[in-house]
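# Geometric and topological summary
Take a look at the letters that make up each chain.
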Amino acid sequence: MKTINYAYSSQKCRDEGWTLRPPSPLFEETPIPEVFEPEPLPPAFSVRNKVEERPLIQKFYEDGKKFLTIFSDGTGNVFYPSGNIAIVISSVKRGQYTYVVLDDLPDSAAMLAIFEPHGKGTCYYNNGIIRLNMDEYGGIFCDSNGARKKKWNWRDLVTHVHAPPFQPITIALNKHIAVRVQTQEQIYLSINCDLRSARFNTGVKLKLVKPENIPEQDVDDDELYIRDMSAYVQSILNKVQNVMKFSKSPKLEQIQPPLHLSHQIQRNAKLKQKQLQQKTKNKDSPLVTVN
């Protein structure tokens, strides 16, 4: 009777063909071009080009259990009254932190949110569906079914939407932790438990280093249609109001629409022009076929 000895780590088994190694990928992953980079710490945190070490911070609940621990490098943990970890603060680089929010469960706690130092952040519903997602360019806010409710661009200060940076968004991750998004530099993560509270600014200040790598945003046909119809309805209602107020005025047809409505019509015209340019560009681009 012949005995076969096999070990996965054995080079002889590989040479004889008993162990098959997975093939290398045919195509290397294309690196994502960098557009932004986090700006350095403000001067208040540095002395003689060296980051000032902060003292160890420890806070406790009234029953003596640990509430918060922040180490001298800015990393640390925040705990629920139950003793479970609520927020984990880690550092990928000095002065750049990642915040991970966990649910109040002893084992296999679900991640409720994560905020990274390069402008990316995501919050989740209890069912695991994305609730809020942000990156270097903007963000999107969804309902419990995953449908989009709000969308915005951090640097678009022309198109007014009921979202940041014009209108803040505040959501409760659970009964103790909340997130308030005001601007890209002001994203506050707060926890309030048993007369103890703490607040962290997870927002970032990014510096544009390679504007040529900014991807061109496509114009959403449905969103443009809704904007166009909204302006059309508002213009009709504005004319009805003018007729009711100035029915006998000889200059009724010369009354200009409100300023906000004029701006909205101009923005829609620019978006239509941009959409037409994108469609023309895509039509003129050559097609590549592989036989």
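Residue indices follow the written sequence of each chain, beginning from 1 at its first position. Only residues with pLDDT of at least 70 are given local features in this predicted model, and only at 80 or more are side-chain atom pairs given and counted; all residues enter the totals for whole chains, interfaces and linings. Remark: hydrogens and water are excluded; side-chain values derive from all non-hydrogen atoms of the structure.

### Focus: the sheet that holds strand 15 (residues 177-183)
Under the convention used in this document: For two strands to count as paired, DSSP must find a minimum of two bridges between them. By the criteria applied, helices consist of DSSP H or I runs no shorter than four residues and strands consist of E runs no shorter than two, each listed in order from the N terminus. The angle between two axes is taken between their N-to-C directions and runs from 0 to 180 degrees, where each axis is a line fitted to C-alpha atoms and a helix contributes only its stretch in contact.
Across the sheet, which stays open at both edges, the 4 strands sit in the order 14-15-16-17 with antiparallel pairing between neighbours. Both edges of this open sheet fall to strand 14 (169-172) and strand 17 (196-201), since each of them pairs with a single strand only. When strand polarity is set aside, the average angle formed by the axes of neighbouring strands in this sheet is 15°.

### Side note on the confidence of the model for the protein chain
Rules: Confidence of the predictor in every single residue is expressed as pLDDT, which spans 0 to 100. Only heavy atoms matter for contacts: two residues are in contact if any of them lie within 4.5 Å across the pair.
Per-residue confidence for the protein chain gives a mean pLDDT of 81; residues scoring 70 or more make up 79%. Segment residues 41-49: pLDDT under 50, and 10 contacts once partners within four positions in sequence are set aside and those in other chains are kept. Long-range and interchain partners of residues 287-291, a stretch whose pLDDT sits below 50, account for 0 contacts in this model, where long-range means more than four residues apart.

### Comments concerning empty space enclosed by the protein
Quick note on the threshold: Lining residues are those with an atom within 4 Å of a point, where the points come from a 1 Å grid over the protein atoms alone and group into cavities, where a 1.4 Å probe fits but cannot get out, or pockets, open sets with protein on both sides within 12 Å along at least five of seven lines. Grid points are joined across faces, edges and corners, and a volume is the space filled by probe spheres set on the points.
Overall, the coordinates contain 1 cavity of 30 Å³ or more when judged by the stated rule. Looking at the largest cavity, the residues that line it are F115, E116, G119, K120, G121, M134, D135, W154, Q184, I187, T202 and V204.

### Observations regarding the side chain of H176
As a reminder, the rule being used: Only protein chains enter the accessibility calculation, which uses a 1.4 Å probe; a residue whose area is less than 20% of its type maximum is buried, one above 50% is exposed, and one in between is partly exposed.
Examined against the element boundaries, H176 turns out to sit in the loop between strand 14 and strand 15. H176 sits in the buried class, given a relative accessible area of 17%. Not counting residues within four places of it along the chain, the set of residues in contact with H176 comprises Y80, S190, I191, N192 and C193.

### With respect to the sheet that holds strand 5 (residues 66-70)
Here we have 10 strands laid out as an open sheet, ordered 4-5-6-7-8-9-10-11-12-13, and antiparallel in their pairing. Edge positions in the sheet fall to strand 4 (57-60) and strand 13 (148-153), since each of these pairs with one other strand and no more. Strand-to-strand twist of the sheet, defined as the mean angle between neighbouring strand axes without regard to direction, takes the value 10°. Sheet analysis places strand 10 (residues 121-124) next to strand 11 (residues 130-134), joined by 4 bridges and oriented antiparallel. Directly across from T122, in strand 11, lies its bridge partner N133.

### Structural notes on unusual backbone geometry
Of note, the bond from P164 into P165 is cis; its omega dihedral lies within 30 degrees of zero at 0°. Within the element layout of this structure, P165 appears in the loop between strand 13 and strand 14. Within the chain, S108 stands out as a residue other than glycine whose phi angle is a positive 50°. Residue placement: S108 occurs in the loop between strand 8 (96-102) and strand 9 (111-115). One non-glycine residue, L195, adopts positive backbone phi at about 65°. With respect to the element layout, L195 can be found in the loop between strand 16 (186-193) and strand 17. Among the residues examined, L195 registers a relative accessible area of 70% and is labelled exposed.

### Some words on the nonpolar core
Basically, it comes down to this: Put simply, buried Ala, Val, Leu, Ile, Met, Phe, Trp, Tyr and Cys residues joined by side-chain atoms within 4.5 Å make one nonpolar core.
With 34 residues, the main nonpolar core has I87, F115, L173, I177, V179, I191 and F200 as its most contacted residues. At 4 residues, strand 16 tops the list of elements feeding residues into this core. With sequence-adjacent residues up to four places away left out, V179 is seen in contact with F115, C123, I169, T170, I171, L173, I187, Y188 and L189.

### Re the pattern of salt bridges
To be explicit about the condition: Each reported salt bridge corresponds to a side-chain nitrogen of Lys or Arg within 4 Å of a carboxyl oxygen of Asp or Glu.
Tallied over the full model, the rule gives 2 salt bridges. Its salt-bridge partner being K272, residue D228 comes within 2.8 Å of it at the nearest N-O pair. Taken together, the residues D228 in helix 2 (residues 221-245) and K272 in helix 3 (residues 259-284) connect sequence positions 44 residues apart.

### Comments concerning the pairing of strand 9
On a regular strand, one side chain projects to one face of the sheet and the next to the other, so that they alternate. Of all 5 residues in strand 9, 4 are buried, a share of seventy percent or more. Relative to strand 9, strand 8 runs antiparallel, the two sharing 4 bridges. Across the sheet, V101 pairs through a bridge with A113, a residue of strand 9. Here strand 9 pairs with strand 10 via 3 bridges, running antiparallel. Looking at the pairing, A113 lines up with C123 of strand 10. Between strand 9 and strand 10, which pair antiparallel and follow one another directly, the connecting turn spans 5 residues, one of which, G119, has a positive phi of 100°.

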